[in-house]
Amino acid sequence: MMTAGVGDLSLGLAILLAMGAVLMAIASARFESDVLLGVGRKLLVAFAAAVSISVAALAVAMINCDLRLEYVAHYSEKALPIGYKLAALWAGQEGSILLWAWLLAVMCAAMVVARRNYLKGSEGAAVVITLAVVCGFFAALLLFAANPFKPIAIVPQDGHGLNPFLQDPAMIAHPPVLFLGYAGFTIPFALLIGALVANRRDNEWLAGARRWIIASWLFLTAGIILGAQWAYVELGWGGYWAWDPVENASLLPWLTGTALMHSVMAQQHRGMFKRWNASLIILSFVLCIFGTYLTRSGVIQSVHAFGESAIGTFFLTFMVIIVLASGILMFVRRGALTSEHELEGLVAREGAFLATNVLLVGMMVVTLVGTIFPIISRAVSGHEVTVNQSFYNKVVGPMGMLLVALMALGPMLVYGGDAAKRLARGLIVPALIALVVTAFAFFRGLHNGWALLATAIAALGAACVFADLLTQIAHHLRNGENPINAIVHIIDGNHRRYGGQLAHVGMLMILVGIVGSSLFNQKENFELKENQTAQIGGFTLRFEKLEVVQQANFVGYQALVNVTDRDGGVSTLRPQIRKYDKAEQNNSEVAIQSSWRGDLYLTLAGFENDVAGIQAIVNPLVGWIWIGGIVMAAGAVLCLLPRLIPLRVPQPLKARAIPKMAKVNLKSA
Amino acid sequence: MRSNIKIKLSVAGVILLGAFGYLAFAGMQKGWVYFVGVDQFMGDQQYATSQARIRLHGKVATEGFDSSAAALSAKFNLAGAAHQLPVVYRGAIPDMFQAGRDVVVEGHRDDAGVFQADVLMTKCASKYEPGSPHAAKAEKQS
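Residues numbered from 1 in each chain as written. Chains lettered and ligands numbered in written order. Predicted model: local features only at pLDDT ≥ 70, side-chain atom pairs only at ≥ 80, totals over all residues. Heavy atoms only, no water.

(A) Region of interest: the packing of helix α13 (residues 349–371) of chain A against helix α14 (residues 373–381) of chain A. Residues and elements named next belong to chain A. Remark: α13 packs on α14, axes separated minimally by 4 Å, with the N-to-C direction vectors making an angle of 60 degrees. Between α13 and α14, the angle is such that the two are oblique. Where α13 abuts α14, its residues Val369, Gly370 and Thr371 lie against Phe373, Pro374 and Ile376. The class makeup of the residues in the contact of α13 with α14 is four nonpolar, two polar and no charged. (Axes fitted to C-alpha atoms, helices over the stretch in contact; angles between N-to-C directions. Helix = DSSP H or I, 4+ residues; strand = E, 2+ residues; numbered from the N terminus. Parallel < 35°, antiparallel > 145°, perpendicular 65-115°, else oblique. Contact = heavy atoms within 4.5 Å. Nonpolar A, V, L, I, M, F, W, Y, C, P; charged D, E, K, R; others polar.)

(B) Fine view of the sheet that holds strand β11 (residues 611–620) of chain A. Residue and element names in this part refer to chain A. Within the open sheet, the four strands sit side by side as β2-β11-β10-β9. Their pairing is antiparallel. Here the strands that pair on one side only, and so sit at the sheet edges, are β2 (522–529) and β9 (591–595). Taking each pair of neighbouring strands and ignoring which way they run, the sheet shows an average axis angle of 20 degrees. Across five bridges, β9 lies against strand β10 (residues 598–608) in antiparallel orientation. Residue pairing for β10: alanine 591 is matched across the bridge by leucine 602. (Pairing = 2+ DSSP bridges.)

(C) Structural context of unusual backbone geometry. Residues and elements named next belong to chain A. The backbone of cysteine 65 sits at a positive phi, close to 50 degrees, despite the residue not being glycine. Its place among the elements puts cysteine 65 in the loop between α2 (34–63) and α3 (70–75). Its relative accessible area of 8% is what places cysteine 65 among the buried residues. Even without being a glycine, leucine 621 presents a positive backbone phi close to 65 degrees. Here leucine 621 lies in the loop between β11 and α20 (623–640). (Buried < 20%, exposed > 50% of the residue type's maximum accessible area, 1.4 Å probe, protein only.)

(D) Representation of the pattern of salt bridges within the structure. Residues and elements named next belong to chain A. As enumerated under the stated definition, the model contains 15 salt bridges over all chains in all. With a closest N to O distance of 3.1 Å, aspartate 468 and arginine 497 form a salt bridge. In this pair, aspartate 468 is assigned in helix α17 (residues 449–478) and arginine 497 in helix α19 (residues 495–519), connecting sequence segments 29 residues apart. Between aspartate 567 and arginine 597 there is a salt bridge, with its nearest N and O atoms 3.6 Å apart. Note that aspartate 567 is positioned in the loop between β5 (554–564) and β6 (570–573) and arginine 597 in the loop between β9 and β10, a separation of 30 residues in sequence. A relative accessible area of 63% means that aspartate 567 is categorised as exposed. Owing to a relative accessible area of 33%, arginine 597 belongs among the partly exposed residues under this scheme. (Salt bridge = Lys/Arg side-chain N within 4 Å of Asp/Glu carboxyl O.)

(E) Here's a closer look at the packing of α17 of chain A against helix α18 (residues 483–493) of chain A. Residues and elements named next belong to chain A. The contact between α17 and α18 brings their axes to 9 Å, and the two run at 120 degrees. Regarding the angle of α17 to α18, the classification is oblique. The way α17 lies across α18 gives a crossing that is right-handed. Residues Leu469, Gln472, Ile473, His476 and Leu477 of α17 pack against Pro483, Ala486, Ile487, Ile490 and Ile491 of α18. The residue makeup of the contact of α17 with α18, split by class, is eight nonpolar, two polar and no charged. (Left-handed = near helix turned anticlockwise from the far one by under 90°.)

Structural data, given as structure tokens:
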């Protein structure tokens, strides 16, 4: 019980530290003392330390399987492999909020340390107060409404065990990565509040915020892709996205975050869209909190939501306060949010940013309305109405397609007046390539309209990226550089630009994967006796036999299925049904054979005597989604990397000049 | 020049909003279904003869439960506090599906009064406790 006491105590201490940070920051603004503000910053770091101790205490309790804690007894068991014992830390409500709070605390601490010279005066005080309030909220939530250190009334012999669905590597990584994204949006929010309080009219503060926006977006993207991957391999229905409220909850801040990443550029370079950006920063932050609220409060019936609890009220109150307070602040400071430039033309970079933003926010609104439609309809008409997947597919799908089409033109767009002319000139070759590729696909038998459109968009987008890169390379080659050197220098010279384009290529790959797997998937159910064969989508399946495998915390029954693919390659797949010791029901473990052309996805639905019920799904191109996700994340990483090769500067200056160059370069991206 | 841009912007905005509005409307027409409990569906007059597509929630009754994962079909009674509705479902059986569990089904009632479902979702609680909060919830709502 020692560790639990420590964990509980340090949560209490954390609340005091957050309150102390708020008080110190207020005092520093009142007495214009940077020393007091420094104390406030250090208290935030101490807060992170206190929450870290809590997390460590829970981790120790988890690893030792300390069944005197209700949380451990509910989510773990003695026989669980050590990795999953640790992952069980965030399997339940209390633990996952602790993880959220911890990641938030660590990021806040990192931020106040890294930007200590920047956090000065009323601006610095407002930033520290905002961070401390959000941190304090989570600490209070943990201590009063969702305490993971609650002792259990009767100590059981063994725990309930971890839900078999959560016993998957993607599920170990998915929550922390997603929460990093969620928590990360707190920092741009705090920086915005600081800039508004200080009535800043310049856009300097945005450079710092932008890095956090990109980093948070990176984690959000990775988290969503990991979640989709988990659903795909674990849920057994062959899909990766079902427009479930929990999934939508993570998509909402991603959509506004993506919009923000683009429109922020227009503010940095041209001083435009200030009000819009401020709103998006607030919206993204609130949607992150909303996502947590939606999944944790049980307000919406969901397939995989956590049980309902009292914490809903905490979250709702907190969200209302954030929206009201920041709305009022924006209104008071509306003078600082007026645009420095007017929009010069629609067919220019700023016009494209605008259109992108409208589409992304539109998609967010549709998804949000669809998600909370049961609540709205119940309030309005008394009848609960849900919208099903076809609603989202029909509405968000076309909007997404239009968005990606716009995105494909990205590299060809410049700022300002003559953008239309340059777009037309730059587009000739890529458009021809797209036409040829689409015609080729058509004559190879692709006749579905949406699929042809997606092919054209993907080809155009990829061609634009390469055409743009080739033009640059040609330019360098004329100066006598060798090609490899030229590519490295071009990309290294503008990480933001090429990182963005890499992310776009990733998005195009995801488009290909989504269209391929959702329009052309085949699904069939077979009842096979031993050595009987079946055929689906060019694959021949032969059921060999049934085997039993014994593991630490489950018994698995697996069907050996011999698979011959289109090209005659032979392999064996082993879909399983697992009977976990601690679970009431069976859990099926799918077997997947992947290639770039698509997946063969087998589920053992059941077995009786020597007959196996096998569900076979052929999912064309689905692997492109995962690879596309990695490419997208790599793009964001490239954006965040400092310049790798120093510019050629006079020797004595070189060592000191590198960081400066990197900074200058970030702004010019 | 300036007002020219504003006009263009407004026109583009109106077209875009109109298109989205239409999309959302069309999507709603096909994509929305009422979501009610079994008791309301059976008890309320407005659903008495309805064969429209609907989403129902209730508990899987122990009596009459017949599910074959291998055959990819299930027959069961969906129970509320006062009423029961026979359901036939065809498709992959979710892992968590069994008698006594809270489920959501989507489909329509056929001429014989049997509910033909093509969507079956089990509530997946992150923790399993005997007599989990969901069981309590079903009673509360009905």
